[in-house]
Amino acid sequence: KEVVSFKGVDKIYNTGTVALSQLDLSIQEGEFISFLGPSGCGKSTALRMVAGLSEATKGKVEVFGQNPKDLIRNSNDIAYVFQDSNLLPWRTVLDNVVLPLELRGSNKNTRKEIAMRVLEMVGLKDYLKSYPRQLSGGMKMRVSIARALAAKPKLLLMDEPFAALDEMTRQSLQMDLLDIWKKEHTTILFVTHNVYEAVYLSSKIAVMSARPGRLASLIDVDLSYP
Ligand code: ADP
Ligand code: ADP
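Residues numbered from 1 in each chain as written. Chains lettered and ligands numbered in written order. Predicted model: local features only at pLDDT ≥ 70, side-chain atom pairs only at ≥ 80, totals over all residues. Heavy atoms only, no water.

Per an unreviewed UniProt entry, the protein chain is named ABC transporter ATP-binding protein, and its organism is Robertmurraya beringensis.

Structure representation (structure tokens):
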């Protein structure tokens, strides 16, 4: 089942920058696809289009067969994790994680139950009452991932989520993300400029080339290591 499609997509910003040129790509349910390429090749632009935050200059982007802008308004199907964890500093870990559930209107007990489940997944169930300033960068990113998972999104968008972390923390988060993907069967679109990260995490890699941003090749990764 197709989750995301780019059909002949060009993106030219009003500054004249051609960020994407003739992008054709079909992403299937359950795939973990990485957009891999040098800085400026249009990876974030592509992701923002899927989230309905940016519009194609030419061509069409569809998510679950719909215009992403309509989809965003009507559902919690898409979650977005940025490089910066973007937590609300005045809310505890628990209250940050339940935020998308509050916005959806689920009741308090359900919210807590779901929050506990996703915080356990990222190894932070003992930090419910901590505030973001009390956590390390890696822990904040874990909270951010937990918050994204709380709404049970069908599609998880991640833009260089681990870029700001040290190597050990990054590796530990990569392993956890792989476990989560295998368990939750979420379709993941992941932006990175790190080749090792793309190969380690993804089931498919969209290699992009810069100036203008084009899809250079599409690689299937076989994750069945011996
Ligand atoms: P990447 O994520 O691969 O680093 P981006 O999608 O952020 O690439 O950017 C692609 C190109 O478009 C770059 O040249 C960037 O400077 C430019 N760009 C990105 N966003 C905007 C914007 N809002 N306005 C103008 N130019 C932009
Ligand atoms: P769109 O044309 O896709 O709607 P916007 O022009 O609204 O995109 O810009 C999206 C975001 O990118 C804005 O927050 C803007 O400040 C930022 N931005 C602007 N220029 C650049 C650039 N050259 N590179 C990266 N980001 C940029």
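Don't stop here, the text continues.
Colleague: Before we move on, could you go through empty space enclosed by the protein and cite the residues and values that matter?
Modeller: Throughout the structure, instances matching the rule amount to one cavity of 30 Å³ or more. One number sums up the size of the largest cavity: a volume of about 30 Å³. Lining the largest cavity are Val-122, Ile-145, Leu-173, Asp-176, Leu-177 and Ile-180. Residue classes in the lining of the largest cavity are distributed as five nonpolar, no polar and one charged. (1 Å grid on protein atoms, 1.4 Å probe; cavity = no way out; pocket = protein on both sides within 12 Å on 5 of 7 lines; lining within 4 Å. Points joined across faces, edges and corners; volume = space filled by probe spheres on them. Nonpolar A, V, L, I, M, F, W, Y, C, P; charged D, E, K, R; others polar.)

Colleague: Account for the confidence of the model for the protein chain, with residues named and values stated.
Modeller: On average, the protein chain scores 91 in pLDDT, and the residues at 70 or more come to 97%. Scored by ipTM, the complex comes to 0.75, with pTM at 0.88. (pLDDT = per-residue confidence, 0-100.)

Colleague: Report on the sheet that holds strand E2 (residues 18–28), specifying residues and quantitative values.
Modeller: Backbone hydrogen bonds are what pair the strands of a sheet, in a parallel or an antiparallel way. The strand order E2-E1-E4 describes an open sheet built from three strands, whose pairing is antiparallel. Each edge of the open sheet carries a strand with a single partner, namely E2 and strand E4 (58–63). Each neighbouring strand pair of the sheet contributes to a mean axis angle of 15°, computed without reference to strand direction. In the packing of helix H1 (residues 43–50) onto the sheet, the strands contacted are strand E1 (2–12), E2 and E4, and the crossing angle to E1 comes to about 125°. (Pairing = 2+ DSSP bridges. Helix = DSSP H or I, 4+ residues; strand = E, 2+ residues; numbered from the N terminus. Axes fitted to C-alpha atoms, helices over the stretch in contact; angles between N-to-C directions. Contact = heavy atoms within 4.5 Å.)

Colleague: Give a description of the packing of aromatic side chains that names residues and reports values.
Modeller: A full pass over the atoms with the stated rule returns five aromatic pairs. Where Phe-32 meets Phe-190, the ring centres are 5.7 Å apart and the plane angle is 50°; that geometry is what we call tilted. With Phe-32 in strand E3 (residues 32–36) and Phe-190 in strand E7 (residues 187–192), this pair connects stretches of sequence that are 158 residues apart. Across the pair, exposure class does not vary: Phe-32 and Phe-190 are buried alike. Pairing Phe-162 with Phe-190 gives two aromatic rings, centres 5.9 Å apart and planes at 55°, and the pair type is tilted. Within this pair, whereas Phe-162 is found in the loop between strand E6 (155–159) and helix H7 (167–184), its partner Phe-190 is found in strand E7, the two being separated by 28 residues in sequence. For Phe-190, a relative accessible area of 0% puts it in the buried group. (Phe/Tyr/Trp six-rings, centres within 6.5 Å; stacked < 30°, edge-to-face > 60°. Buried < 20%, exposed > 50% of the residue type's maximum accessible area, 1.4 Å probe, protein only.)

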